[in-house]
Amino acid sequence: MIVGLIGKIIKKEPTLLNINVNGIIYQVFVSINCSSKIINDEVQLEITQIIREDSQTLYGFLDPNEKKLFDTVIKINGVGPKVALAICSTFTPSSFSQIVNDNDVSMLKRVPGIGPKGASRLLVELSGFIVDSNESNEENSSLSASFESALALESLGFKKDVVSKVLKTCVSTNTSDLVKEALKKLQK
């Protein structure tokens with residue numbers, strides 16, 4: 001499995017690079033955002049390799065968050081690498097995370113290859129998508145506790161929009177306390 005490449009770019013198109021790595025030339029697909037950040041001939045990319053019955057393709061990323069976004073999105077049924085790359089080309093990982101958190105279907109429909117139904121399904125499947133950033137671990141752990149609590153409450157049969165409203169009013173910071181506090185409010 002190829003997980004990274006360091007080499008010299010010998011051909012560059014908006015979404016495609018040919019990279020010479022010690023005499024072997026690899027064809028790597030990249031997002032437009034990634035391509036625009038490459039200014040030198042020498043490049044180091046993180047790689048997602050997709051092996052199918054009829055092809056082996058490489059997708060390259062300068063930003064680990066963009067790779068996380070791509071890897072997360074292609075796991076969703078009906079979303080292939082081309083649509084995932086279109087998402088990475090249209091949005092930065094942080095703006096995509098904001099779109100998911102805001103449940104913004106109209107913004108997601110801007111991506112080529114995603115219609116209204118696909119956008120709605122993507123938002124449901126990706127609820128809680130969070131990019132890694134330089135925020136404090138305390139803030140990330142409270143976000144993850146909130147996400148885990150939402151999943152727990154939804155699995156108990158509560159509606160997603162009701163759960164998110166109630167969780168915004170809770171003050172607890174760990175998952176179990178957050179679930180208990182939210183349950184008390186939901187039972188009123």
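Residues numbered from 1 in each chain as written. Predicted model: local features only at pLDDT ≥ 70, side-chain atom pairs only at ≥ 80, totals over all residues. Heavy atoms only, no water.

Draft legend 1. Here's a closer look at the overall build of the chain. The helix and strand tally for the chain stands at nine helices and five strands. Across the chain, helices and strands are ordered from the amino to the carboxyl terminus as β-β-β-α-β-β-α-α-α-α-α-α-α-α. Projecting the C-alpha coordinates of the chain onto the three principal axes gives extents of approximately 65 × 35 × 30 Å. When burial is assessed residue by residue, the chain has 38% of its 188 residues classed as buried. In the chain, of all internal contacts separated by at least 6 residues, the share reaching a separation of at least 24 is 48%. Carbon and sulfur atoms make up 52% of the accessible area of the chain, which amounts to about 11100 Å² in all. (Helix = DSSP H or I, 4+ residues; strand = E, 2+ residues; numbered from the N terminus. Buried < 20%, exposed > 50% of the residue type's maximum accessible area, 1.4 Å probe, protein only. Contact = heavy atoms within 4.5 Å. Areas by Shrake-Rupley, 256 points an atom, 1.4 Å probe, with all protein chains shown as cover.)

Draft legend 2. Quick look at empty space enclosed by the protein. Under the definition given, this model contains one cavity of 30 Å³ or more. By volume, the largest cavity is sized at about 40 Å³. Every residue lining the largest cavity is listed: Asn33, Lys37, Asp63, Glu66, Cys88, Phe91, Thr92 and Pro93. Here the lining of the largest cavity is composed, by residue class, of three nonpolar, two polar and three charged. (1 Å grid on protein atoms, 1.4 Å probe; cavity = no way out; pocket = protein on both sides within 12 Å on 5 of 7 lines; lining within 4 Å. Points joined across faces, edges and corners; volume = space filled by probe spheres on them. Nonpolar A, V, L, I, M, F, W, Y, C, P; charged D, E, K, R; others polar.)

Draft legend 3. Representation of the sheet that holds strand E1 (residues 4-13) in the model. The five strands lie next to each other as E1-E2-E3-E5-E4, forming a closed barrel whose pairing is mixed. Each adjacent strand pair in this sheet contributes to an overall mean axis angle of 55°, direction not counted. Two elements, strand E4 (residues 42-51) and strand E5 (residues 56-61), share six bridges in a ladder whose sense is antiparallel. When the bridges of E5 are listed, Ile50 appears paired with Thr57. Strand contacts of helix H2 (residues 64-73): E4 and E5, with the helix running at about 10° to E4, the strand carrying the most contacts. (Pairing = 2+ DSSP bridges. Axes fitted to C-alpha atoms, helices over the stretch in contact; angles between N-to-C directions.)

Draft legend 4. Representation of the packing of aromatic side chains. All told, the structure shown has four aromatic pairs when counted by the stated rule. Judged by centre distance (5.0 Å) and plane angle (35°), the ring pair of Tyr59 and Phe70 falls under tilted. Of the two residues, Tyr59 is situated in strand E5 and Phe70 in helix H2; the sequence distance between them amounts to eleven residues. Phe70 matches Tyr59 in its accessibility class, with the two residues each being buried. (Phe/Tyr/Trp six-rings, centres within 6.5 Å; stacked < 30°, edge-to-face > 60°.)

Draft legend 5. Structural detail: helix H6 (residues 116-125). Looking only at H6, the buried set comprises Ala119, Leu122 and Leu123. Angularly, the buried residues of H6 cover 95° about the axis, an arc narrow enough to put them on a single face. Looking at H6, the residues exposed on the side facing more than 90 degrees away from the buried face are Lys117 and Val124. (Arc of directions from axis to C-beta.)

Draft legend 6. How the structure looks around unusual backbone geometry. One non-glycine residue, Asn22, lies in positive phi territory at about 50°. Phi at Asn103 is positive, roughly 55°, even though this residue is not glycine. Within the fold, Asn103 resides in the loop between helix H4 (93-102) and helix H5 (105-108).

Draft legend 7. View of the layout of surface pockets. Of the volumes computed, that of the second largest pocket is approximately 190 Å³. Considering the residues around the second largest pocket, the lining is formed by Thr15, Phe29, Thr57, Tyr59, Pro81, Lys82, Leu85, Ala86 and Ser89. Elements represented by at least two residues in the lining of the second largest pocket include exactly E5 and helix H3 (81-90). Tallied by class, residues from the lining of the second largest pocket come to five nonpolar, three polar and one charged.

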